[in-house]
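Structure assessment
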Amino acid sequence: MSKVCDICGKHAVAGRSISHSHRTVNRKFKPNIQRVTVFEDGKTPKKNVCTRCLKSGKVARSAEQA
């Protein structure tokens, strides 16, 4: 499954974990992507949506999942 939001385009970004002794390790920050059934244009396709878009109401979930 793709880790990119179909609504806002949010994706994984690179960063570093820094320990107390200041050793650094490369890591990825991944968004919380959910596969949900959405309602658009009279159809109900499944899309990959981040939880921020779900919570803010940018996506209308289909009636059968509500």
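Each residue is numbered by its place in its chain's sequence as written, counting from 1. Whole-chain, interface and lining totals are the exception, using all residues; otherwise, since this is a predicted model, local features are given only for residues with pLDDT of at least 70 and side-chain atom pairs are given and counted only at 80 or more. Just so you know, side-chain values use all the structure's heavy atoms and leave hydrogens and water out.

Quick note on the threshold: UniProt positions are given in the numbering used here, feature names are shortened, and annotations may be inferred rather than shown by experiment.
Per an unreviewed UniProt entry, the chain goes by the name Large ribosomal subunit protein bL28 and belongs to Fannyhessea vaginae DSM 15829. Regarding the chain, the UniProt comment filed under Sequence similarities (unreviewed entry) reads as follows: "Belongs to the bacterial ribosomal protein bL28 family."

Structural notes on the pattern of salt bridges
We apply this condition: Within this document, salt bridges are pairs made up of a side-chain nitrogen of Lys or Arg and a carboxyl oxygen of Asp or Glu, the two lying within 4 Å of each other. Think of it in three bands: residues with accessible area under 20% of the maximum for their type are buried, residues over 50% are exposed, and the middle band is partly exposed, with areas taken using a 1.4 Å probe on protein chains only.
Scanning all chains against the criterion turns up one salt bridge. Lys47 is the partner of Glu40 in a salt bridge, and the nearest nitrogen-oxygen pair spans 3.2 Å. By relative accessible area, Glu40 is classed as partly exposed at 32%.

Quick notes on the nonpolar core
Looking at soluble globular proteins, one finds that nonpolar side chains tend to be buried together. Under the convention used in this document: Nonpolar core, defined: a set of buried Ala, Val, Leu, Ile, Met, Phe, Trp, Tyr and Cys residues in which side-chain atoms within 4.5 Å join the residues together. Numbering of helices and strands starts at the N terminus; helices are DSSP runs of H or I of at least 4 residues and strands are runs of E of at least 2. What makes two residues a contact is simply this: any of their non-hydrogen atoms within 4.5 Å.
Formed by Cys5, Ile33, Val36, Val38, Val49, Cys50, Cys53 and Val59, the largest nonpolar core amounts to eight residues. Secondary structure elements with two or more residues in this core: strand 3 (33–37) and strand 4 (46–50). Sequence-distant contacts of Val49, that is, excluding residues within four places in its chain, are made with Cys5, Ile7, Asn32, Ile33, Gln34, Val36, Leu54 and Val59.

So, the pairing of strand 4
How we decide: DSSP bridges decide pairing: two strands pair if at least two such bridges lie between them.
Counting buried positions along strand 4 gives four out of five residues, so the element sits mostly inside the fold. Pairing of strand 3 with strand 4 involves five bridges; the strand directions are antiparallel. Bridge pairing links Ile33 to Cys50 in strand 4.

Observations regarding unusual backbone geometry
A positive phi angle, near 70 degrees, is found at His22, a position not held by glycine. On the secondary structure map, His22 appears in the loop between strand 1 (13–18) and strand 2 (24–29). On the basis of relative accessibility, which here comes to 58%, the residue His22 falls in the exposed class. A positive phi angle, near 55 degrees, is found at Asp41, a position not held by glycine. Positionally, Asp41 belongs in the loop between strand 3 and strand 4. Of the residues examined, Asp41 reaches a relative accessible area of 76% and is grouped as exposed.

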